[in-house]
Number of protein chains: 4
Amino acid sequence: MIRVTIWNENVHDREDDRVKALYPEGLHGAIRDLLKSDDELVITTTTLDAPEHGMPDELLNNTDVLIWWGHVAHEQLPWEIADKVADRVHRGMGFIGLHSAHLSRPFTRLMGTSCSLRWLDDTREHVWCTDPTHPIAKGIPAVFTLEKEEMYGEFFDIPKPDSVVFTGWFSTGNVFRTGCTFSRGHGKVFYFQPGHETNPTFKNEIVGQILRNAVRWAAPQKEIFDEIDCPWETEYIEKKYQK
Amino acid sequence: MIRVTIWNENVHDREDDRVKALYPEGLHGAIRDLLKSDDELVITTTTLDAPEHGMPDELLNNTDVLIWWGHVAHEQLPWEIADKVADRVHRGMGFIGLHSAHLSRPFTRLMGTSCSLRWLDDTREHVWCTDPTHPIAKGIPAVFTLEKEEMYGEFFDIPKPDSVVFTGWFSTGNVFRTGCTFSRGHGKVFYFQPGHETNPTFKNEIVGQILRNAVRWAAPQKEIFDEIDCPWETEYIEKKYQK
Amino acid sequence: MIRVTIWNENVHDREDDRVKALYPEGLHGAIRDLLKSDDELVITTTTLDAPEHGMPDELLNNTDVLIWWGHVAHEQLPWEIADKVADRVHRGMGFIGLHSAHLSRPFTRLMGTSCSLRWLDDTREHVWCTDPTHPIAKGIPAVFTLEKEEMYGEFFDIPKPDSVVFTGWFSTGNVFRTGCTFSRGHGKVFYFQPGHETNPTFKNEIVGQILRNAVRWAAPQKEIFDEIDCPWETEYIEKKYQK
Amino acid sequence: MIRVTIWNENVHDREDDRVKALYPEGLHGAIRDLLKSDDELVITTTTLDAPEHGMPDELLNNTDVLIWWGHVAHEQLPWEIADKVADRVHRGMGFIGLHSAHLSRPFTRLMGTSCSLRWLDDTREHVWCTDPTHPIAKGIPAVFTLEKEEMYGEFFDIPKPDSVVFTGWFSTGNVFRTGCTFSRGHGKVFYFQPGHETNPTFKNEIVGQILRNAVRWAAPQKEIFDEIDCPWETEYIEKKYQK
């Protein structure tokens, strides 16, 4: 069993008629629907307008993999919560940042960079697999097309990823490291660029397969530790062997 | 010409007789002396007890490579200054963190991890070169020994380095990624583990060569940008080629 | 089901009394025993002195993960077979090289480097986990000790690994990238340093867990392709979208 | 002083009128002209039709950085010479593979993969910088355009590069890791995708700057070793410290 929490900013979802028509249950609802074919996942959704910005300790402390979608209200999340999320990643929780979550506070905290990029709306994107051995690429074709997606272009100011699983081609002439993995402490992080709120990306079955793969990959492989400091032993080898 | 600023916490240097005897001009003075054989470097030293915590905007904005040593007073540096340092790294400044600077605020901001590790004092360290092609390894032997150095041991909670230039062996039975490089935005970061305040590490000529190499390597290769966002052009290729 | 083939040089196993006493069914038998608690694995063993050097096409073409142990007879394997093994890795087969297989022909072919290193017999090794998020580290402690193992020391001339899952400390003063992963084409490669023929390493249950993890990790996640060239489609996206 | 040797297959250059018109002194002559503004370089050109396939020991043993262009006659170079080139790279020589040299024997030996890719002629390419901190990117704009270049597309079967300095966008809908670095032993390798024989790529000044940067970066930073095995000392630390 993997406990997945989907956090959605839920601003466009309530205010923009195009988004309401496309995703009547919100982006979080659409993402949940993409995941539910995996019986091992126990899925909770939450939003910025819920109590404690949708991220009370009780929920965070019972999350194995946290999926994050945000866009226009990043600064409404207190840094204190972003720091709590980052700390839980260091101790083993998986984190999946979607689309404009590149500028969300939890993600930038985990990266240590500005996470800035170029952008332009309404382009065609081809998503190429550039690391076919990665578990997130399992069952995904060598290339697939999103006929309408927001362009995100290089230079994308992120640390060098552990793997660039997908690279995006945009009709505007841009390229992008569209699917990237990182390890942070005992936790795994996946960033995935597609998912603008006015596009049907979260109804795309290939995207669904990528997200299901990513959740499985990001799930903690050991317990989530109480503390990051030397969490595996209380007896140090140093005492036994020191001369 | 490369403008190097050495920031030192300067607490042990004033309070601990052993450190005063070993480094009468402070750790910053000793590090400065290791660098001064490189005529291209214009070196400034500064300390936590100087005005504006030793890091006024005027100084930071005229620094190409910032060297940081801190240990017991990390929390006396306001996060606001750590954020300014990180922002300047993103825009091109080099950053070299020494020894217990692994827990300094600028360094942890740039890493996005807890930067925790194991430690124990007074051990022997062999420093092995594990990336001989790296510019920081230029002229450095395959291995050299520090007869007395503080052990820092794995697991070291840092993001996967771009290069592990040096790996440390300790007589306590520990290993450590002792010299690591990272890129963050347009800036380069080097972390180097040796340099405990009661050891003569900053009188070691091989350490000096490593630091001189690191300063040269970390120096910005373009100007330092005013903003990180798309700093290279005002005309986007997207406008010219978009259909 | 994962079809695992264990290839063993089988020279010491027949000629050295210490090895015969320690591993009466050969190193391949001991490695097989370490794997057999995983019910999903269908295990075959083969040796250099079998027909076609133990690697007939029929066997290779029905192998999902190939484990390789060799030491003193590397040059008795024709390069033609090494090339066939490498080609099957490119098309998706997993490959696990053990101990002195670092100089085996299939492994050096896959690396493209000399794979040279330092060495000395009869030392103590502590094996530290330096990538706890990696699937091969699942269930493995932060450190474990092999009281008697052959020292392999840096500089180890391999390409930069995708992950250094384990780093070894040796009582001789050496360090080593003891467990390393690489991707080659559609295949995954793991190199693991312990396993000298006169040591009881292949009776160690932690080593067993590492090998079982490695087999699972290295198993092909898609089919093994007939050809490496553009194996996923016959219809190119280029024809559809080209202007 | 850096001794650069440019090896060119020189088949199209003699047989194809378009190439003769574009590059009257051969591709090697054009590449030489791009390098000659760097006074530190001592440049030699050589071709497959010269004695000993253009790569006699005397020349190879006096080369610091070897640039390689080949396309239709890869198999005319004996593997023995490819192995000698790879061995010299392991001992410190730089190697720069251009365009269709991705399938050249020295390059595939150094990679250990099939180096296969997709391709189609006559497209537009935008070359984006995706590692602005890399020395090869020094002075290069964030993006530049080659109006006519042969498309090379992912999946490109190479080991994970140390740095993807440039990523290519093609009007056919493809992306490519267009400029990649690797370390192999004590030597550095750069692969650069542009440079089809019928395109004026080797008259492009930005390409010239990239190649000059690459030569400087790939030059050996220590001497070129006689042997790769433990080349730095004759006295082992193991003897001094072993208990």
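Analysis parameters
- Every chain begins its residue count from 1, and numbering advances along the sequence as written.
- Chain A is the first chain written and ligand 1 is the first ligand written, with later ones labelled in order.
- Per-residue local features of the predicted model are confined to residues with pLDDT of at least 70, and side-chain atom pairs are confined, for both listing and counting, to 80 or more; whole-chain, interface and lining totals are unaffected and use all residues.
- Each helix corresponds to a stretch of at least 4 residues labelled H or I by DSSP, and each strand to a stretch of at least 2 residues labelled E; elements are numbered beginning at the N terminus.
- Atoms counted for the radius of gyration: C-alpha only. Globule rule: 2.2 Å times residue count to the power 0.38.
- With C-beta atoms placed from the backbone, a residue is labelled by how many other C-beta atoms lie within 10 Å of its own: buried for 20 or more, exposed for 12 or fewer, partly exposed between the two.
- Contact between two residues is assigned when their C-beta atoms, built from the backbone, lie within 7 Å.
- Pairing between two strands requires that DSSP report at least two bridges joining them.
- In this analysis an axis means a line fitted to C-alpha atoms, helices contributing only their contacting stretch, and an angle means the value between N-to-C directions, from 0 to 180 degrees.
- Values of pLDDT, the confidence the predictor places in each residue, fall between 0 and 100.
- What a helix is expected to span follows from its residue count: subtract one and scale by 1.5 Å.
- Every angle not falling under 35 degrees, over 145, or within 65 to 115 is termed oblique; those three ranges are roughly parallel, roughly antiparallel and roughly perpendicular.
- Gly is put with the polar residues, along with every residue not named as nonpolar or charged; the nonpolar set is Ala, Val, Leu, Ile, Met, Phe, Trp, Tyr, Cys and Pro, and the charged set is Asp, Glu, Lys and Arg.

Turning to the overall build of chain A, a few remarks are in order. The helix and strand tally for chain A stands at eight helices and nine strands. Against the 2.2 N^0.38 benchmark of 18 Å for 243 residues, chain A shows a C-alpha radius of gyration of 18 Å, consistent with a compact globule. Counting over 243 residues, chain A shows a buried share of 59%. The long-range share in chain A, meaning contacts at least 24 apart out of those at least 6 apart in sequence, stands at 71%.

This next bit is on the sheet that holds strand β2 (residues 41-47) of chain B. All names here are of chain B. Spatial ordering of the open sheet is given by β2-β1-β3-β4-β9-β8-β7-β5-β6, a layout of nine strands whose pairing is mixed. The open sheet has two free edges, formed respectively by β2 and β6 (143-153), since each of these has just one partner strand. The average undirected angle you get between the axes of adjacent strands in this sheet is 25°. With eight bridges connecting them, strand β5 (residues 118-129) and β6 associate as antiparallel partners. The residue of β6 that forms the bridge with Arg 118 is Gly 153. Those strands touched by helix α5 (residues 79-90) are β3 (65-69), β4 (94-98), β8 (175-184) and β9 (187-192), and its axis lies near 120° from that of β9.

Residues and elements named next belong to chain C. Ordered by their spatial adjacency, nine strands build an open sheet running β2-β1-β3-β4-β9-β8-β7-β5-β6, and the pairing between neighbours is mixed. Each edge of the open sheet carries a strand with a single partner, namely β2 (41-47) and β6 (143-153). Here the average twist between neighbouring strands, direction ignored, is 25°. As defined by bridge partners, strand β3 (residues 65-69) adjoins strand β4 (residues 94-98) across five bridges and the pair is classed as parallel. Bridging from a neighbouring strand, Trp 68 pairs with Gly 97 of β4. Along the sheet face, helix α5 (residues 79-90) touches β3, β4, β8 (175-184) and β9 (187-192) and points at about 120° away from the line of β9. Sheet contacts for helix α7 (residues 205-218): β1 (2-8), β2, β3, β4, β6 and β9; angle to β9, the most-contacted strand, approximately 165°.

Residues and elements named next belong to chain A. In the predicted model, chain A carries a mean pLDDT of 93, and 93% of its residues have values of at least 70. When the criterion is pLDDT under 50, residues 230-235 qualifies, and its contacts beyond four places in sequence or with other chains add up to five contacts. Overall fold confidence (pTM) sits at 0.95, and the ipTM for the predicted complex is 0.93.

It is worth spelling out α7 of chain C at this point. Residue and element names in this part refer to chain C. Across its 14 residues, α7 extends 20 Å between first and last C-alpha, which sits within 8% of the 20 Å expected from 1.5 Å per residue. Taken as a whole, α7 has its buried residues at Val 207, Ile 210, Leu 211, Arg 212, Asn 213, Ala 214, Val 215, Trp 217 and Ala 218. Buried residues belonging to α7 abut β1, α3 (26-35), β2, β3, β4 and β9.

Before going further, it helps to examine α5 of chain C. Residue and element names in this part refer to chain C. Counted at 1.5 Å a residue, the expected span for α5 with its 12 residues is 16 Å, and the 16 Å between its end C-alpha atoms agrees. If you check which residues of α5 are buried, you get Val 85, Ala 86, Arg 88, Val 89 and His 90. The inward-facing, buried residues of α5 abut α4 (57-60), β3, β4, α6 (105-111), β8 and β9. A positive phi of about 135° marks Gly 92, the residue just after α5.

Our next topic: the environment of Asp 38 of chain A. Mapped onto the elements, Asp 38 of chain A comes out in the loop between α3 (26-35) and β2 (41-47). Residues Asp 38 of chain A and Leu 146 of chain A, 108 residues apart in the sequence, show an inter-C-alpha distance of 24 Å.

Attention now goes to the pairing of strand β9 (residues 187-192) of chain A. Residues and elements named next belong to chain A. Counting buried positions over the six residues of β9 gives six, a clear majority of the element. Alternating residues of β9 divide into Gly 187, Val 189 and Tyr 191 and Lys 188, Phe 190 and Phe 192, and every residue in both groups is buried. In terms of strand pairing, strand β4 (residues 94-98) meets β9 through four bridges, oriented parallel. If you follow Gly 97 over to β9, its bridge partner there is Tyr 191. Direction of pairing for strand β8 (residues 175-184) relative to β9: antiparallel, over a ladder of six bridges. Of the residues in β9, the one forming a bridge with Arg 184 is Gly 187.

All names here are of chain C. α7 packs onto α3 with a crossing angle of 75° between their chain directions and a minimal axis gap of 8 Å. Classified by the angle their axes make, α3 and α7 are roughly perpendicular. Taken together, the residues of α7 that come into contact with α3 (itself represented by Ile 31, Leu 34 and Leu 35) are Val 207, Gly 208, Leu 211, Arg 212 and Val 215. Residue composition of the contact of α3 with α7, by class: six nonpolar, one polar and one charged.

A word on the environment of Arg 184 of chain B. Along the chain, Arg 184 of chain B falls in strand β8. A tally of 26 C-beta atoms within 10 Å means that Arg 184 of chain B is categorised as buried. When the C-alpha atoms of Arg 184 of chain B and Leu 34 of chain B are compared, they prove to be 26 Å apart, with 150 residues separating the residues in sequence. With sequence-adjacent residues up to four places away left out, Arg 184 of chain B is seen in contact with Gly 112, Thr 113 and Pro 159 of chain A together with Val 89, His 90, Leu 110 and Val 189 of chain B.

Once that is clear, we can look at unusual backbone geometry. The omega angle of the peptide bond from Glu 154 of chain A to Phe 155 of chain A is 10°, so this bond is cis rather than trans. Along the chain, Phe 155 of chain A turns up in the loop between β6 (143-153) and β7 (163-170). One non-glycine residue, Cys 115 of chain A, lies in the positive phi region at around 60°. On the secondary structure map, Cys 115 of chain A appears in the loop between α6 (105-111) and β5 (118-129). Looking at Cys 115 of chain A, the number of C-beta atoms within 10 Å reads 22, which means it is buried. Notably, Asn 10 of chain D is not glycine yet its phi reads approximately 65°, a positive angle. If you trace the backbone, Asn 10 of chain D turns up in the loop between β1 (2-8) and α1 (12-15).

In this section: the environment of Leu 211 of chain D. By secondary structure assignment, the location of Leu 211 of chain D is in helix α7 (residues 205-218). Filtering out sequence-adjacent residues up to four positions away, Leu 211 of chain D remains in contact with Ile 31, Leu 34 and Leu 35 of chain D.

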